[in-house]
Amino acid sequence: MQVPFETTLLVRDSCLCLHAQRAARAIARRFDIALKPAGITSGQFSLLMSLNRPEPPKLSSVAALLAMDRTTLTANLKPLERRRLIKTAADSTDARARLLRLTPAGRAVLAEAVPIWRHLHAEIERELSDPDGLRAELDILSKSGNRNGVAK
């Protein structure tokens, strides 16, 4: 059986997943370019920012916040560890858990990146008709990710 071309056009024009992916890639590309002088990508900025807490978070809580599986998060941490921007350590209360901590170098990179982020973030918000509404809708969709995606 062949899928009609009209279906291809329908997906191109209306698929929320496709539109979200395209927008995410375009926004990430803009942030990647802007953050290049700080020496990090948009994903690394989000990861470093997620570690900017009074107490070092557990790997599992960072994975949940960033909607990443632990394996992907661990792979994304490795370049930051090699650059000595973050440090991982065993949790003294639970030897199975790993705590993630920004190093002084990581805090310095983050401090350099925040003004860049603020500027571009404000620019992108000015391009949108309702940034708060979009944020709320995206939040709803991110919480729906716990479903298994099987049509009934």
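Right above here is the structure, for reference.
Overview of the structure. (Residues numbered from 1 in each chain as written. Predicted model: local features only at pLDDT ≥ 70, side-chain atom pairs only at ≥ 80, totals over all residues. Heavy atoms only, no water.)

**Topic: a nonpolar patch on the surface**
Logical step 1: A surface patch of nonpolar side chains, amounting to about 340 Å² of accessible area, comprises L128, L134, L138 and L141.
Logical step 2: Along the chain, the position of L138 falls in helix 7 (residues 131–143).
Logical step 3: You can call L138 partly exposed: its relative accessible area is 46%. (Patch = residues over 30% accessible without salt bridge, like charges linked within 9 Å, V, L, I, M, F, W, Y side chains within 5 Å. Areas by Shrake-Rupley, 256 points an atom, 1.4 Å probe, with all protein chains shown as cover. Salt bridge = Lys/Arg side-chain N within 4 Å of Asp/Glu carboxyl O. Helix = DSSP H or I, 4+ residues; strand = E, 2+ residues; numbered from the N terminus. Buried < 20%, exposed > 50% of the residue type's maximum accessible area, 1.4 Å probe, protein only.)

**Notes on the nonpolar core**
Within soluble globular proteins, side chains that are nonpolar generally end up buried alongside one another.
Logical step 1: Of all hydrophobic cores here, the largest spans 24 residues; its most connected members are I40, F45, L48, L51, L73, L77 and I86.
Logical step 2: Secondary structure elements with two or more residues in this core: helix 2 (16–35), helix 3 (42–50), helix 4 (59–65), helix 5 (70–82), strand 2 (94–102) and helix 6 (104–127). (Core = buried A, V, L, I, M, F, W, Y, C linked by side-chain atoms within 4.5 Å.)

**Some remarks on the side chain of S42**
Logical step 1: Note that S42 resides in helix 3.
Logical step 2: By relative accessible area, which is 16% here, S42 ends up buried.
Logical step 3: With residues up to four places along the chain from it excluded, the contact list for S42 reads A28, F31, D32 and L35. (Contact = heavy atoms within 4.5 Å.)

**Description of the environment of D91**
Logical step 1: Overall, the relative accessible area of 9% leaves D91 in the buried class.
Logical step 2: C-alpha of D91 to C-alpha of P56: the two residues are 35 residues apart in sequence and 9.5 Å apart in space.
Logical step 3: Those residues in contact with D91 that sit more than four places away from it in its chain are K58, A97 and L99.
Logical step 4: In this structure the side chain of D91 is engaged in a polar contact, spanning 2.9 Å, whose partner is the side chain of T93. (Polar contact = N/O pair within 3.5 Å; in protein donor to acceptor, adjacent residues only side chain to side chain.)

**Considering the pattern of salt bridges**
Logical step 1: For the structure on display, the rule yields eight salt bridges.
Logical step 2: Across the salt bridge formed by E127 and R30, the nearest N and O atoms sit 2.9 Å from each other. Taken together, the residues E127 in helix 6 and R30 in helix 2 connect sequence positions 97 residues apart.
Logical step 3: Residue classification places E127 among the exposed residues on the basis of a relative accessible area of 51%.
Logical step 4: Across the pair K143 and D139 runs a salt bridge, and its minimum N-O distance is 2.9 Å. Here the residue K143 and the residue D139 both occupy positions in helix 7, the gap between them amounting to four residues, near one helical turn.
Logical step 5: A residue is classified by how much of its surface remains accessible, and K143, at 55% relative accessible area, is exposed.

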